[in-house]
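Per-entry structural report
Listed below are the residues making up each chain.
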Amino acid sequence: MSRTQAVGGDVDALRTATSLVVLAQSTYRSLQALPAGGGALAVGVVRDLLAAAITQLGDARSALAAATTGAGGRAQTEPDPAYAGLVDQALPTVRTPADVVGLALTLEDSLAQTLVADGAALSTPALRATAVRLGAAAAARKASLLLVNTLLSSGRADLVVAPPDLASLPGGVGTVGFPDTRFPTAKASPPEEGAR
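The notes below deal with the structure included here. The model shown is predicted, which means the values in this text are computed figures rather than measured ones.

Counting secondary structure elements, the protein chain contains five helices and zero strands. For the protein chain, the N- to C-terminal ordering of α and β elements is α-α-α-α-α. Within the protein chain, buried positions represent 42% of all 196 residues. Taking contacts inside the protein chain between residues at least 6 apart in sequence as the whole, the part at least 24 apart equals 78%. Looking at the protein chain as shown, the accessible area adds up to about 9300 Å², and 59% of this sits on carbon and sulfur atoms.

Okay, structure coming up:
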């Protein structure tokens, strides 16, 4: 592969990852405005997860923009087109904290898998390190969301508190955030998907 191809591939991958970050951050802001995400029906932990994620995604967006321009590209500002339609369809149907968590899980899963795949494919150690660091943050958010989702799905919203009452948690709940022994990348967005 020539250096030009590597740089073009890097820029596309970075722009696609950024497009997923842009979409997730925008979606979380929209979720915060809903009763189940930030209003009267919201679960405190979910509200806090959204707020923390918005800040983390802002940092990720800045890091990816710097990496993209450093690789010779233009920073991405538009949301990922493949997932934007899904978000547009899902947002009007969000009624419960479980709906909020479900949508957030979809976005974090795609983002984490994309960044992990990028961590193996980008052409320089610095770019790979950025992708892996940001992928780990997305995977951590996904793990938290999986735990919250399990408790909400079991009808135990009362257990979704911080800090949790460990004695009251159902058996095995500590492992639901880490369902895979090897992190999957099958749902990673292709590098050109969000690179517009």
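So much for the structure itself; the text now carries on.
Okay, helix H5 (residues 125–153) next. With 29 residues, H5 should cover 42 Å at 1.5 Å per step; its first-to-last C-alpha distance of 41 Å lies within 8% of that length. Looking one or two residues past H5, Gly-155 carries a phi angle of roughly 80°, positive in sign.

The subject of this paragraph is the packing of helix H2 (residues 44–70) against H5. The geometry of H2 relative to H5 is characterised by a closest axis approach of 11 Å and an angle of 165° between their N-to-C directions. Classified by the angle between their axes, H2 and H5 sit roughly antiparallel to one another. In the crossing of H2 with H5, the sense of the turn from one axis to the other is left-handed. For the pair H2 and H5, contact is made by Val-45, Val-46, Leu-49, Ala-53, Gln-56, Leu-57, Ala-60, Ala-63, Leu-64 and Ala-67 and by Leu-127, Thr-130, Arg-133, Leu-134, Arg-141, Ser-144, Leu-145 and Val-148, respectively. Partitioned by chemical class, the residues of the contact of H2 with H5 number 13 nonpolar, three polar and two charged.

The next subject is the side chain of Glu-108. Tracing the backbone through its elements, the reader meets Glu-108 in helix H4 (residues 97–121). Overall, Glu-108 belongs to the buried group, its relative accessible area being 1%. Apart from residues no more than four positions distant in its own chain, Glu-108 is found in contact with Tyr-28, Ala-53, Ala-138, Arg-141, Lys-142 and Leu-145.

Here we take up the packing of helix H3 (residues 81–90) against H4. H4 packs onto H3 with a crossing angle of 170° between their chain directions and a minimal axis gap of 11 Å. When the axis of H3 is compared with that of H4, the two are roughly antiparallel. Counted together, Tyr-83, Leu-86, Val-87 and Ala-90 of H3 and Leu-103, Thr-106, Leu-107 and Ser-110 of H4 form the full contact between these two elements. Looking at side-chain class alone, the contact of H3 with H4 contains six nonpolar, two polar and no charged residues.

Here we come to the pattern of salt bridges. Under the criterion given, the structure shown has two salt bridges. Measuring nitrogen to oxygen at the nearest pair gives 2.8 Å for the salt bridge that ties Lys-142 to Asp-109. Pair noted here: Lys-142 is in helix H5 and Asp-109 is in helix H4, with a separation of 33 residues, a long-range link. An identical accessibility class is assigned to Lys-142 and Asp-109; each is buried.

Among the secondary structure elements, Ser-19 is positioned in helix H1 (residues 3–32). On the basis of relative accessible area, Ser-19 is assigned to the buried category, the value being 0%. Polar side-chain contacts of Ser-19 include one of 2.6 Å to the backbone oxygen of Thr-16.

Another point: the environment of Val-22. Mapped onto the secondary structure, Val-22 falls in helix H1. Separated by 32 residues in sequence, Val-22 and Ile-54 have C-alpha atoms that sit 9.9 Å apart. Residue contacts for Val-22: discarding those within four places in its chain leaves Arg-61, Gln-76, Thr-77, Glu-78 and Pro-79.

Right, let's talk about H2 for a bit. Helix length check: H2, at 27 residues, gives a terminal C-alpha distance of 39 Å against a target of 39 Å (1.5 Å per residue), a fit within 8%. Taken residue by residue, H2 has Val-45, Val-46, Leu-50, Ala-53, Ile-54, Leu-57, Ala-60, Ala-63, Leu-64, Ala-67 and Thr-68 as its buried positions. One or two steps after H2, the chain reaches Gly-72, where phi turns positive at roughly 95°.

Reading the values: the criteria
- Residues numbered from 1 in each chain as written.
- Predicted model: local features only at pLDDT ≥ 70, side-chain atom pairs only at ≥ 80, totals over all residues.
- Heavy atoms only, no water.
- Helix = DSSP H or I, 4+ residues; strand = E, 2+ residues; numbered from the N terminus.
- Buried < 20%, exposed > 50% of the residue type's maximum accessible area, 1.4 Å probe, protein only.
- Contact = heavy atoms within 4.5 Å.
- Areas by Shrake-Rupley, 256 points an atom, 1.4 Å probe, with all protein chains shown as cover.
- Expected span 1.5 Å × (residues − 1).
- Axes fitted to C-alpha atoms, helices over the stretch in contact; angles between N-to-C directions.
- Parallel < 35°, antiparallel > 145°, perpendicular 65-115°, else oblique.
- Left-handed = near helix turned anticlockwise from the far one by under 90°.
- Nonpolar A, V, L, I, M, F, W, Y, C, P; charged D, E, K, R; others polar.
- Salt bridge = Lys/Arg side-chain N within 4 Å of Asp/Glu carboxyl O.
- Polar contact = N/O pair within 3.5 Å; in protein donor to acceptor, adjacent residues only side chain to side chain.

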